[in-house]
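# Structural description and commentary
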Amino acid sequence: MQLYNTLTKQIEPFIPNEEGKVKMYTCGPTVYNYAHIGNLRSYIFEDVLVKTLTYLGYDVTRVMNITDVGHLTSDGDTGEDKMSKGALREGKTVQEIAEFYTKAFLKDLEKLNIQMPDILEKASDHIDIYIQMIEKLLQDGYAYQKDGNVYFDISKVDNYYQLSGKKKEELQVAVREDVEEDMHKKNPFDFGLWFTTSKFQNQIMKWDSPWGVGYPGWHIECSGLACHYLGDHLDIHCGGVDNIFPHHSNEIAQSEAYLGHKWCNYWMHGEYLNDKSGKMSKSKGGILTLSVLEENGYNPLSYRYFCLNSHYRKPLVFSYESLEGAEKAYLKLKKKTTVLKKEGSIDDAIVSEYDQKFKDAISQDLNLASAITLVYDVLKEKQVNDATKRKLIAMFDQVLSLSLLEEEAVELDQDYILEMIQKRQLAKQNKNYEEADRIREQLLKEGIRLIDGREKTTYESIKEREK
Ligand code: AMP
Ligand code: ZN
């Protein structure tokens, strides 16, 4: 497996700390608004990475946080508190906002066939972990207190600029606003670990700490959760490219200072989804969400297909025209894959030949476009029977997750279903259970499941239920 590592700026063979096992941390959403389709591009990339590693035989444990505290509108120590902003906007409590948008986020993951992380935890549930880390950082001289806040002292670490690959001066220009606004720190890039002097009068989430009542900085939550759930050594850490600086640079600084050794070997970052005016972001307003795409008649999996066709390290420009193209191609592909017959003997030689080709593609720093081309190649094979093709596509779909073999939801013909239910009732009355079962099975094949209640039999579309 070859992966591009942001830390070393090159493609490297992937070697986990423990043979066959991968410990992976992925930064989760700040739940003050819906995820936009740019955020979702990052989560699709991470999903494909988990599934690729799993396909290649690794046992992957993935942890993700839900940011419900500490993240300001700038990724540094300035700006507004995102959660309070959401609460104010909607006249709800921070907790209600967090709960609502977490649910919406999970729904989006499901619609995009994104596998749930093994461990998904709220930042606000782990305050004691951050406090304990900050205490150690203070003890060991990596952090200092100033005007009621605790800051990490970046002058105490020597590789602070390695991940971003940028010079201090370049970064200073880039984040000038942040730097000038915050006068409490020794160095402009020192970052807050714990705040007691919130400039937000309405700071809602607050906890007791050795430094007074306050709240943790955003960066410490990822280090805290990663170390707590995955231990002292991490194999892969992911996020979008905007996380490289300052978020991930700060995570490295504080985690390595805390642990006393190198923390994570591979850092992977997904490029932006842009719209015509540039990077898609929540703060710009008018964001495109998955629901908006659905309202416009697009299948969420067409969006997944759209993303997979472009390499995760290349910026991708979204437009409805290109989504339309992706949807057409995707639905056309599904028409070919869903009709493949199940019957027939599987040609093992062909299966292993294509399995190898597929592994080669995904192992090349996730070359998903080539992996998708292989689906078309399999379909084009003249000498290969349907059963073998089906088997291969089912295997590939473990990574692609495009539901290539799933029939589209059937249009429910109510009269027909009610007629079938009556017939089955009659069969049961006549003790013809074989016929009753046959009817149930037939409907099931057509995507309709019967539910026998005490009073009467009702039904549901299998697709609907899975939503
Ligand atoms: P946030 O909810 O703002 O913390 O972002 C969640 C994830 O989405 C992070 O990994 C970001 O790096 C990523 N992200 C934000 N904007 C974009 C974008 N326009 N394209 C791709 N990924 C993005
Ligand atoms: Zn993070």
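A short tour of the structure in this document, coming up. Computed from a predicted structure; not experimentally measured. (Residues numbered from 1 in each chain as written. Chains lettered and ligands numbered in written order. Predicted model: local features only at pLDDT ≥ 70, side-chain atom pairs only at ≥ 80, totals over all residues. Heavy atoms only, no water.)

## What to know about the sheet that holds strand E6 (residues 143-146)
Strand order in this open sheet of 4 strands is E6-E7-E8-E9, and the pairing throughout is antiparallel. With one partner strand each, in any of the chains shown, E6 and strand E9 (215-216) form the two edges of the open sheet. Summarising the sheet, strand E7 (residues 149-152) and strand E8 (residues 191-195) pair through 3 bridges and their orientation is antiparallel. Bridge pairing in E8 links Val150 to Trp194. Most of the contacts of helix H4 (residues 127-139) go to E8, to which it runs at about 120°, and overall it touches E6, E7, E8 and E9. (Pairing = 2+ DSSP bridges. Helix = DSSP H or I, 4+ residues; strand = E, 2+ residues; numbered from the N terminus. Contact = heavy atoms within 4.5 Å. Axes fitted to C-alpha atoms, helices over the stretch in contact; angles between N-to-C directions.)

## Some words on the site of ligand 1
Lining the immediate surroundings of ligand 1 are 19 residues, of which Gly38, Ser42, Asp242, Leu273 and Met280 lie closest. Between an oxygen atom of ligand 1 and a main-chain N or O atom of Gly240, the distance comes to 3.1 Å. Residue Leu273 places a main-chain N or O atom 2.8 Å away from a nitrogen atom belonging to ligand 1. In the complex, the protein chains occlude 94% of the 500 Å² of accessible area that ligand 1 would expose alone. Of all the elements in the fold, those that place two or more residues in the shell around ligand 1 are helix H1 (37-55) and strand E10 (234-240). Looking at the shell around ligand 1, the element that brings in the most residues is H1, giving 4 residues. Taken together, the residues of the shell around ligand 1 break down into 5 nonpolar, 10 polar and 4 charged. (Near = heavy atom within 4 Å. Polar contact = N/O pair within 3.5 Å; in protein donor to acceptor, adjacent residues only side chain to side chain. Areas by Shrake-Rupley, 256 points an atom, 1.4 Å probe, with all protein chains shown as cover. Nonpolar A, V, L, I, M, F, W, Y, C, P; charged D, E, K, R; others polar.)

## A look at the coordination of the zinc ion (ligand 2)
For the zinc ion (ligand 2), the protein coordination sphere consists of Cys27 (SG), Cys222 (SG), His247 (NE2) and Glu251 (OE), at 2.0 to 2.7 Å. Considering all 4 donor atoms around the zinc ion (ligand 2), angles at the metal cover 75 to 131° and the coordination shape is irregular. Look at where the donors of the zinc ion (ligand 2) fall in the sequence and you get C-x194-C-x24-H-x3-E. Remark: His247 occurs in helix H8 (residues 244-259) and Cys222 occurs in helix H7 (residues 218-230); sequence separation between them is 25 residues. (Donors = N, O, S within 2.8 Å, 3.2 Å for Na, K, Ca; no water. Tetrahedral: all angles 85-135°; square planar, octahedral: opposite > 155°, others 65-115°.)

## Considerations on the packing of aromatic side chains
Applying the stated criterion across every chain yields a total of 26 aromatic pairs. Aromatic side chains Tyr303 and Phe318 sit 6.5 Å apart centroid to centroid with 65° between the ring planes, which places their arrangement in the edge-to-face category. Of this pair, Tyr303 sits in helix H10 (residues 300-308) while Phe318 sits in the loop between strand E14 (316-317) and helix H11 (320-338), placing them 15 residues apart in sequence. Since its relative accessible area comes to 5%, Phe318 is described here as buried. Aromatic pair Tyr305 and Tyr330: ring centres 5.8 Å apart, planes at 40°, arrangement tilted. Of this pair, Tyr305 sits in helix H10 while Tyr330 is found in helix H11, placing the two residues 25 residues apart along the sequence. Tyr330 carries the same exposure label as Tyr305, and that label is buried. (Phe/Tyr/Trp six-rings, centres within 6.5 Å; stacked < 30°, edge-to-face > 60°. Buried < 20%, exposed > 50% of the residue type's maximum accessible area, 1.4 Å probe, protein only.)

## As for the environment of Asp208
Position of Asp208 relative to the elements: it lies in the loop between E8 and E9. Its relative accessible area of 63% is what places Asp208 among the exposed residues. When the C-alpha atoms of Asp208 and Leu301 are compared, they prove to be 45 Å apart, with 93 residues separating the residues in sequence. With residues up to four places along the chain from it excluded, the contact list for Asp208 reads Ile131, Trp194 and Val213.

By themselves, these observations are geometric and do not establish any function.
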